[in-house]
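Fold and contact review
These are the residues of each chain, in order.
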Amino acid sequence: MSERDDPGVIGRRVQQLRVERGLTQKQLAEPAYTPAYISTLESGRVRPSDEALRHLADRLGVGFEELATGRPARLVTDLRLRLTEAQRTLATGEAEESATQYARLLDEADALDLAEVRAAALLGLGECAVETGELGAARQYFERAEQALGDDVPLPARVPALRGRALSHYLTGELRYSVYLLESTIDELNRGGLHDPDALLLLYASVIGPYMDMGAHARAAQAAELALALAPQSGDLALVARMHRSVARTLLAEGRLAEADASLAKAAELYRQLQLRTELANCHWMRGYVYAQNGELERAEAELRQALAMLSAKRAALYSSQAAVELADVLHRRGKSEEAAALLHDVLSDLSSERGALHSAAAHRLLGIIAEDARDTEAAEEHYVRALSLLERAGAAGDLADLCRLLGDLLRRTGRVEAALDAYRTGLGHRTAPGTTTLGPAPAQPPL
């Protein structure tokens, strides 16, 4: 909330309310203060203490907040109720409608100078923009939310905005900067003794994805363990569900498919309880990935089609494009390469290097494989090179190593041995790089 009004404004407000209620200065003052004090206060020559304002508010029959700021307490409560409604609208997948609600709330918060509501509305607008794939706008909203809160607000309260900014950088392919934001915030919380379970759980769950895409599997596993340890301390069911979905990625990487599926089942059940449609769709997506890794392609296709239908129906543009790439991979493996290629071309029309770089690269990689199977080596090479360019900018080490192998094999089969060797060397360089970020030691851990 913004600070109280200046003494002159408060004095005039006290005088107006006193006169409206037919009270004398003596009646208003008794028994704790003198009429002279009330006279001085009404003239704006003294700044009343919180204790004095509470006394006056009680005598005048108004709330402390209304007397101090001129805003009825019920107005702030109403705005918070509408913030909750906007959040629910977003949770059910109606990102555009939710954005409209948040925009109205932002206008009202600006008019009333309500910093807390302004920050919450900006945070919501950022989440809506992520949902619809407008990542540049999302990053600006999250930055403005941080500014609205200001440095005086404790760090745990600023974590959702910081995490949102990191997420927008991650989704545009800026993996290292995303990890830097998340790791530095984790470090500041833990070294500063700010052991807020919800804030730490949100950060650890969020950093798993970038770690995995960078090939930093050891750090991803450690983050997953810490998130699981923090989960019982969190009262935020949606956050716990998101954590289970992120942890499933590390379990998959370690080949623990049954545990990954169990973690996703827990997440899905929580999302059903909360009616979070987009997140439930993401669980179908991840379970499809689990089945695909386990060779259960028919079940994988069913889960991924369900995820894509749920996401597309709710216009979650970026997420639906990402799920489509996973579905195309399963379709190709099931011998439905033409359908897979058509799906991938649709995806590439929606994504770009600035918006979904990793999944754009995955789409080009898969199109390259499909082209190779069709013996169109020229098209295959073109797709591999495009994917390579996207992954190099993103710093996705594990994916780069695999792609360099594919490209090297293609070049070798077409007789370009030196070029193939260069591709293999590039891939080996990424594969042998340490599975960490460039930031040195891992962030400090919370006392669990």
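Note that the coordinates shown come from a computational prediction; the quantities given were computed from them, not determined experimentally. (Residues numbered from 1 in each chain as written. Predicted model: local features only at pLDDT ≥ 70, side-chain atom pairs only at ≥ 80, totals over all residues. Heavy atoms only, no water.)

Structural notes on the packing of helix 9 (residues 135-149) against helix 10 (residues 155-171)
Where helix 9 meets helix 10, the axes come as close as 9 Å, and the angle between the chain directions of the two elements is 160°. The orientation of helix 9 relative to helix 10 falls into the category roughly antiparallel. Here the hand of the crossing between helix 9 and helix 10 comes out left-handed. Across the interface between the two elements, Leu135, Ala138, Arg139, Phe142, Glu143, Ala145, Glu146 and Leu149 of helix 9 pack against Ala157, Arg158, Ala161, Leu162, Gly164, Arg165, Ser168, His169 and Leu171 of helix 10. When grouped by side-chain class, the residues that make up the contact of helix 9 with helix 10 number nine nonpolar, three polar and five charged. (Axes fitted to C-alpha atoms, helices over the stretch in contact; angles between N-to-C directions. Helix = DSSP H or I, 4+ residues; strand = E, 2+ residues; numbered from the N terminus. Parallel < 35°, antiparallel > 145°, perpendicular 65-115°, else oblique. Left-handed = near helix turned anticlockwise from the far one by under 90°. Contact = heavy atoms within 4.5 Å. Nonpolar A, V, L, I, M, F, W, Y, C, P; charged D, E, K, R; others polar.)

Side note on the environment of threonine 414
Within the secondary structure, threonine 414 sits in the loop between helix 22 (397-413) and helix 23 (417-431). Spatially, the C-alpha atoms of threonine 414 and threonine 377 are 8.3 Å apart, while their sequence positions differ by 37 residues. Here the side chain of threonine 414 touches arginine 416 through a polar contact of 3.1 Å, side chain to side chain. (Polar contact = N/O pair within 3.5 Å; in protein donor to acceptor, adjacent residues only side chain to side chain.)

Examining the nonpolar core
Judged by nonpolar contacts, the single largest core of 125 residues is most densely connected at Tyr102, Tyr204, Met243, Leu344 and Tyr384. Examining the composition of this core, we find that twelve residues originate from one element, helix 12 (residues 197-214), more than from any other. Dropping the residues within four chain positions of it, leucine 344 is found in contact with Val325, Ala328, Ala363, Leu366, Leu367 and Ile370. (Core = buried A, V, L, I, M, F, W, Y, C linked by side-chain atoms within 4.5 Å. Buried < 20%, exposed > 50% of the residue type's maximum accessible area, 1.4 Å probe, protein only.)

Here's the deal with the packing of aromatic side chains
Enumeration over the complete set of coordinates arrives at two aromatic pairs. Between tyrosine 33 and tyrosine 37, the ring centres sit 5.1 Å apart and the planes meet at 20°, which makes this aromatic pair stacked. Residue tyrosine 33 is classed as partly exposed on the basis of its relative accessible area of 22%. Given the relative accessible area of 22%, tyrosine 37 is considered partly exposed. Residue placement shows arginine 54 over the ring face of phenylalanine 64; its charged tip is 4.6 Å from the ring centre. (Phe/Tyr/Trp six-rings, centres within 6.5 Å; stacked < 30°, edge-to-face > 60°. Lys NZ or Arg CZ within 6 Å of the ring centre and 35° of its normal.)

A closer look at the confidence of the model for the protein chain
Per-residue confidence for the protein chain averages 83 on the pLDDT scale, and 88% of its residues sit at or above 70. The model gives residues 432-439 a pLDDT under 50, and that stretch makes 15 contacts with residues more than four places away or in other chains. (pLDDT = per-residue confidence, 0-100.)

Concerning the pattern of salt bridges
Per the counting criterion, the structure on display carries 21 salt bridges. Between lysine 336 and glutamate 301 there is a salt bridge; the shortest N-O distance is 3.1 Å. Pair noted here: lysine 336 is in the loop between helix 18 (317-333) and helix 19 (337-350) and glutamate 301 is in helix 17 (residues 297-313), with a separation of 35 residues, a long-range link. Here aspartate 402 makes a salt bridge to arginine 405, at a shortest N to O gap of 2.9 Å. Of the two residues, aspartate 402 and arginine 405 both sit in helix 22, three residues apart, roughly one turn of that helix. Salt bridges sharing common partners tie together Glu301, Arg305, Arg334, Lys336 and Glu339. (Salt bridge = Lys/Arg side-chain N within 4 Å of Asp/Glu carboxyl O.)

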